[in-house]
Amino acid sequence: MSSSSIAPVSSGRPALGGEALLSLGMVLLGAFVVWQGSLVKAAASYSGVGPGLFPTLIGSGLSLIGMVLGWQALNGGWRAMPDDESTQQGADWRAFGLISLAVLLHMLLIGWAGFIIASALLYALIARGFGSHRPGRDIVIAVLIAVPVFFIFTRGLGLNLPAGWLSWGA
């Protein structure tokens, strides 16, 4: 029997590497979201639900998922991960960089350029980070998403989103 036909045996040792760190990061991100949501001070609506409800739900969910993943990481590794080496690739740093740049630009531009422009750029750069090679189509789709969202939030829900350069249309 050749050594290549022998299936690898799990050592039973906890995976204390990247899986555990990412799990901890999710727990901490969730806790941060809950904490920031608790700082939002506004009167509750007629139903008793205030603006901190959704950050609390989302942050709690992130923390819960992070705890489950952390438990799995400490007990042999994340479940349902592909075992085939051909499916496991190294990190795609270009995609990570593009998506990170998209989020940072959105944070920098939203107050100055406005929600529609910042969100359209966010969408287009994230699509590129995920492998799209059609920037024209991506920008058209981004605008078709950002414009209705802007008007639903500003006109429909009465929330203030920055109009920026397109303030004439708000």
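Keep in mind it's a predicted model, so treat the numbers as computed, not measured. (Residues numbered from 1 in each chain as written. Predicted model: local features only at pLDDT ≥ 70, side-chain atom pairs only at ≥ 80, totals over all residues. Heavy atoms only, no water.)

Considerations on the overall build of the protein chain
For the record, the criterion: Each helix corresponds to a stretch of at least 4 residues labelled H or I by DSSP, and each strand to a stretch of at least 2 residues labelled E; elements are numbered beginning at the N terminus. The rule is simple: take the accessible area with a 1.4 Å probe, protein chains only, and divide by the maximum for that residue type; under 20% is buried, over 50% is exposed, in between is partly exposed. Pairs of residues are marked as contacts when any of their non-hydrogen atoms sit within 4.5 Å. For every accessible area listed, the method is Shrake-Rupley and the probe measures 1.4 Å; residues are considered covered only by the protein chains on display.
Within the protein chain one finds five helices and zero strands. Going from N to C terminus, the protein chain has its helices and strands arranged as α-α-α-α-α. For the protein chain, the proportion of its 170 residues judged to be buried stands at 21%. For the protein chain, restricting intrachain contacts to residue pairs at least 6 apart in sequence, the fraction spanning at least 24 positions comes to 60%. Element-wise, carbon and sulfur atoms account for 71% of the exposed surface of the protein chain, whose accessible area totals about 12,000 Å².

A look at the side chain of serine 63
Applicable threshold: Whenever a nitrogen or oxygen atom comes within 3.5 Å of another N or O atom, the pair is scored as a polar contact, on the condition that within protein one atom can donate a hydrogen and the other can accept it, and that pairs from neighbouring residues in sequence are kept only if both atoms are in side chains.
Along the chain, serine 63 turns up in helix H2 (residues 53–74). At 3.3 Å, the side chain of serine 63 forms a polar contact with the backbone nitrogen of alanine 31. Discounting chain neighbours no more than four positions away, the residues touching serine 63 are Met26, Val27, Gly30 and Ala31.

A few points about the packing of aromatic side chains
Selection criterion: Pairs were defined over the aromatic rings of Phe, Tyr and Trp, the Trp ring being its six-membered one, requiring ring centres within 6.5 Å. Orientation was assigned from the angle between planes: stacked under 30 degrees, edge-to-face over 60, tilted for the rest.
Taken as a whole, this structure holds five aromatic pairs when the rule is applied. Three or more aromatic residues joined by ring pairs form one cluster here, namely Phe115, Phe150 and Phe151.

Quick word on the packing of helix H1 (residues 18–38) against H2
The angle between the axes and the distance between the axes are what describe a pair of packed helices. The test is simple: Here, axes are lines fitted to C-alpha atoms. For helices the fit covers the stretch in contact, and angles between N-to-C directions go from 0 to 180 degrees. These descriptions rest on fixed angle ranges, namely under 35 degrees for roughly parallel, over 145 for roughly antiparallel, 65 to 115 for roughly perpendicular, and the rest for oblique. Crossings are assigned a handedness: left-handed for a near helix turned anticlockwise from the far helix by less than a right angle, right-handed for a clockwise turn.
Contact geometry for H1 and H2: axes closest at 7 Å, N-to-C directions at 160°. In this view, H1 runs roughly antiparallel relative to H2, as classed from their interaxial angle. Considering the relative orientation of H1 and H2, their crossing is left-handed. Residues Glu19, Ala20, Ser23, Met26, Val27, Leu29, Gly30, Ala31, Val33, Val34 and Gly37 of H1 pack against Pro55, Thr56, Gly59, Ser60, Leu62, Ser63, Ile65, Gly66, Met67, Leu69, Gly70 and Ala73 of H2.

Observations regarding the environment of leucine 53
Locating leucine 53 in the fold gives a position in helix H2. Sequence separation between leucine 53 and serine 38 is 15 residues, and the spatial gap between their C-alpha atoms is 8.7 Å.

Digging into the pattern of salt bridges
Note the following rule: What makes a salt bridge here is a side-chain nitrogen of Lys or Arg within 4 Å of a carboxyl oxygen of Asp or Glu, nothing more.
Taken as a whole and assessed by the stated rule, the structure comprises one salt bridge. As a salt-bridge pair, arginine 137 and aspartate 138 come within 3.2 Å of each other at their nearest N and O atoms. Accessibility expressed as a relative area gives 37% for arginine 137, which makes it partly exposed.

Comments concerning a nonpolar patch on the surface
As a reminder of what qualifies: Excluding any residue in a salt bridge, patches collect residues exceeding 30% relative accessible area, merging like charges within 9 Å and nonpolar Val, Leu, Ile, Met, Phe, Trp and Tyr side chains within 5 Å.
Together, Leu29, Phe32, Trp35 and Leu39 make up a nonpolar patch on the protein surface, roughly 420 Å² of accessible area in all. Along the chain, phenylalanine 32 falls in helix H1.

Things to note about helix H3 (residues 93–109)
This is how the line gets drawn: The span you would expect from a helix comes to 1.5 Å times its residue count less one. What the arc describes is the spread of directions from the helix axis to the C-beta atoms.
A rise of 1.5 Å per residue sets the reference length of H3, with its 17 residues, at 24 Å; its end C-alpha atoms lie 24 Å apart and thus fit the reference within 8%. Buried residues of H3: Ala95, Leu98, Ala102, His106 and Leu109, and no others. Down the axis, H3 shows its buried residues gathered within 85° of arc, on one side only. Facing away from the buried side of H3, by more than 90 degrees, are the exposed residues Trp93, Phe96, Met107 and Leu108. The elements touched by buried residues of H3 are helix H4 (115–129).

As for the side chain of threonine 154
Within the secondary structure, threonine 154 is located in helix H5 (residues 135–156). Within polar-contact distance, the side chain of threonine 154 engages the backbone oxygen of phenylalanine 150 at 2.8 Å.

Observations regarding H5
In this model H5 runs 30 Å from its N-terminal to its C-terminal C-alpha over 22 residues, within 8% of the 32 Å that 1.5 Å per residue would give. Within H5 the residues assigned to the buried category are Asp138, Ala142, Ala146, Phe150 and Thr154. Each buried residue of H5 lies within a common arc of 90° when the element is viewed along its axis, so the set occupies one face. For H5, the exposed residues set more than 90 degrees away from the buried face come down to Leu144, Ile152, Arg155 and Gly156. Looking at the buried side of H5, the elements it contacts are H4. Backbone geometry just after H5 places glycine 158 at a positive phi near 70°.

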